[in-house]
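Descriptive structure summary
Next come the chains, spelled out residue by residue.
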Amino acid sequence: MTDAIASAFLLAGAAFFFFGTVGLLRFPDVFARLHALTKADNVGLGLIVVGLAIESASPAVAAKLLLIWLLVLLASASVAHLIARAGLRRGMRPWQK
């Protein structure tokens, strides 16, 4: 039963990564693309970490996976902010219909 639950989390995480990639390819500007990537990748990685934590052999491994996810959340938000700020400094404006 735990294998099925872990597999569901892993597949859901992979789906979020896929839809984030679709957003990267389809959205019109840097800011919308950053939004799609940071949201989808963070949720996707979180679901994958949950799936792997369910399958892990010990609570220590699950804690390490959670720590990795938290570090990626922090890095992702920081890097997205830096990219958006650099875009604004170079004169890029958010897309408006």
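Look up a bit, the structure's there.
The notes below deal with the structure included here. Small disclaimer: the values here were computed from a predicted structure and weren't measured.

Let us now look at helix α1 (residues 2-26). Note on helix geometry: an α-helix contains 3.6 residues per turn, so any two residues three or four positions apart are oriented the same way. A rise of 1.5 Å per residue sets the reference length of α1, with its 25 residues, at 36 Å; its end C-alpha atoms lie 36 Å apart and thus fit the reference within 8%. Turning to α1, its buried residues are A6, G13, G20 and G23. Those residues of α1 hidden inside the fold are in contact with α2 (30-55).

What follows covers the packing of α1 against α2. The contact between α1 and α2 brings their axes to 8 Å, and the two run at 165°. With respect to each other, α1 and α2 are oriented roughly antiparallel. In this structure, α1 meets α2 at a crossing whose hand is left-handed. Here the contact of α1 with α2 is composed, by residue class, of 19 nonpolar, 6 polar and 4 charged.

Here we come to the environment of L66. Inspection of the secondary structure puts L66 in helix α3 (residues 59-89). C-alpha separation for the pair L66 and V49, spaced 17 residues apart in sequence, amounts to 6.8 Å.

Direction vectors running N to C along α2 and α3 enclose 175°, while the axes themselves pass 10 Å from each other. Judged by the angle between their axes, α2 and α3 are roughly antiparallel. From α2, V30, F31, L34, T38, N42, L45, G46, V49, L52 and A53 reach across to α3, where they touch A62, L65, L66, W69, V72, L73, S76, A80, I83, A84, G87 and L88. Across the contact of α2 with α3, the residue classes break down as 17 nonpolar, 5 polar and no charged.

Thresholds applied
- Residues numbered from 1 in each chain as written.
- Predicted model: local features only at pLDDT ≥ 70, side-chain atom pairs only at ≥ 80, totals over all residues.
- Heavy atoms only, no water.
- Helix = DSSP H or I, 4+ residues; strand = E, 2+ residues; numbered from the N terminus.
- Expected span 1.5 Å × (residues − 1).
- Buried < 20%, exposed > 50% of the residue type's maximum accessible area, 1.4 Å probe, protein only.
- Contact = heavy atoms within 4.5 Å.
- Axes fitted to C-alpha atoms, helices over the stretch in contact; angles between N-to-C directions.
- Parallel < 35°, antiparallel > 145°, perpendicular 65-115°, else oblique.
- Left-handed = near helix turned anticlockwise from the far one by under 90°.
- Nonpolar A, V, L, I, M, F, W, Y, C, P; charged D, E, K, R; others polar.

Just geometry here; none of it tells us what the structure is for.
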